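Chain by chain, the residues run as shown.
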Amino acid sequence: MIDVDGIVRIIEERKAKTIGLQFPEGLKRQGPGIAKDVEARTGALVIVSGDPCYGACDIDDSLLDMVDVLFHFGHSRLMDDDRIVFIEYHHEVEVDTAIRNALPLLGQKVGIVTTVQHIHMLKRMEQLLIEAGKTPVIARGDSRITYPGQLLGCNFSATPAGVDTVLYVGSGNFHPMGAQLSTGVPVIAADPFTGEARKVDVEKIMRQRYALMAKAMDAKKWGIIIGTKTGQKRLELARRIKETAGDATLISIREITPDRLLSFKVDAYVSTVCPRVAIDDAGRFGVPVLTPVEFDIVKGLRKWEDLAFDEIKG
Ligand code: SF4
């Protein structure tokens, strides 16, 4: 449920006249209804962003320049800018069934991690483990992370070290695989939507990544992709990679598509944007698109057995 009363209160407090609303894809359909409601209750002019939005890093800067306040929905705060108000979205789904199914797979000392959509259930997760005789551990991440125990697809810093297993509560594969690769500790994923629990397997993704790195070993011409989204800009990292790569071009792209990459006729890319792009979309690109971690391995700056997911640290 989106708290429209809270939004109206903020608009009134700030005496804002022009408002921006930015939703991730899953919440966009609520945009017209919320815009109409807010306009009727405040008299402000409301503009809804129609561009894709994948995370709190992905602020619609053009819209931000046009409005007094931009409400960014679905994600937790990633940067401090008084003009942006982050409105989180929490799934009202119980976690008990999935966690009870995970119990037989867990060790004694268990790190708990989840996404912001389930973070309000963290206490309940901890309580269920204590009731089962386990020792739960919750860690605080770096400054990119808002809550203890919270993961982003680009930051696993809240994954506790020194535990026997990590319990990931949420859906999808990317976050639990990243948590496992960043700690080397087995991760059990408990999905509140299906109630199922499973041990996370990183073998398949590792094989895919090793195959792409092997292919990139022959690359002569490199493209180094720089993101233009607010929370994805890593120019210094891109500059460092360019110096190592030899024949390399820095290329800025907002939305990466296979067509845009094909136009440059390079042998391989290194992506410094959202780490998920290189991994989730690997099958769509005609040439290897490596993460900075993988590039370092190809260039002999890191050991092959030290493969991990790329992270944007805070
Ligand atoms: Fe999410 Fe990617 Fe942005 Fe990180 S960089 S917040 S994983 S969209």
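These numbers were taken from a predicted model, which means no experiment stands behind them. (Residues numbered from 1 in each chain as written. Predicted model: local features only at pLDDT ≥ 70, side-chain atom pairs only at ≥ 80, totals over all residues. Heavy atoms only, no water.)

Here's the deal with the overall build of the protein chain
No. 1: Looking only at helices and strands, the protein chain features eleven helices and 13 strands.
No. 2: For the C-alpha atoms alone, the extent of the protein chain along its principal axes is close to 60 × 55 × 30 Å.
No. 3: Counting the 314 residues in the protein chain, one finds 54% classified as buried.
No. 4: Long-range contacts, defined here as pairs at least 24 residues apart, represent 65% of the contacts in the protein chain between residues at least 6 apart.
No. 5: Accessible surface, the protein chain: about 14,500 Å² in total, of which carbon and sulfur atoms supply 51%. (Helix = DSSP H or I, 4+ residues; strand = E, 2+ residues; numbered from the N terminus. Buried < 20%, exposed > 50% of the residue type's maximum accessible area, 1.4 Å probe, protein only. Contact = heavy atoms within 4.5 Å. Areas by Shrake-Rupley, 256 points an atom, 1.4 Å probe, with all protein chains shown as cover.)

So, the sheet that holds strand 1 (residues 18-22)
Strands belonging to one sheet form pairs held by backbone hydrogen bonds; the direction of such a pair is parallel or antiparallel.
No. 1: Spatial strand order, 2-1-3-4: four strands in an open sheet with parallel pairing. Every interior strand has two partners, whereas the edge strands, strand 2 (45-48) and strand 4 (84-87), have only one. When the angles between neighbouring strand axes are averaged without regard to direction, this sheet yields 20°.
No. 2: The pairing of strand 1 with strand 2 spans four bridges and is parallel. Across the sheet, residue Leu21 finds its bridge partner in strand 2, namely Val48. (Pairing = 2+ DSSP bridges. Axes fitted to C-alpha atoms, helices over the stretch in contact; angles between N-to-C directions.)

Thoughts on the pattern of salt bridges
No. 1: One pass over the structure, following the stated rule, counts 17 salt bridges.
No. 2: Arg77 is the salt-bridge partner of Asp80, the closest N and O atoms lying 3.6 Å from each other.
No. 3: Judged by its relative accessible area of 69%, Asp80 falls in the exposed class.
No. 4: Shared partners join several salt bridges into a network, and the residues in it are Asp58, Lys229, Arg254 and Glu255. (Salt bridge = Lys/Arg side-chain N within 4 Å of Asp/Glu carboxyl O.)

Here's the deal with the site of the ligand
No. 1: In the vicinity of the ligand, the contacting residues are Tyr54, Gly55, Cys57, Arg144, Gly153, Cys154, Gln232 and Cys274.
No. 2: Among the cavities detected, the one that contains the ligand is the largest pocket.
No. 3: Taken together, the residues of the shell around the ligand sort by class into four nonpolar, three polar and one charged. (Near = heavy atom within 4 Å. 1 Å grid on protein atoms, 1.4 Å probe; cavity = no way out; pocket = protein on both sides within 12 Å on 5 of 7 lines; lining within 4 Å. Sits in = over half its atoms within 2 Å of the grid points. Nonpolar A, V, L, I, M, F, W, Y, C, P; charged D, E, K, R; others polar.)

Looking at helix 5 (residues 122-131)
No. 1: Taken residue by residue, helix 5 has Leu122, Met125, Glu126, Leu128 and Leu129 as its buried positions. End-on, the buried residues of helix 5 take up no more than an arc of 160°, which puts them together on one face. More than 90 degrees from the buried face of helix 5, the exposed residues found are Lys123, Ile130 and Glu131.
No. 2: Looking at the buried side of helix 5, the elements it contacts are helix 4 (96-102), strand 5 (109-114), strand 6 (135-137) and strand 7 (165-169).
No. 3: One or two residues past the end of helix 5 sits Gly133, with phi positive at roughly 85°. (Arc of directions from axis to C-beta.)

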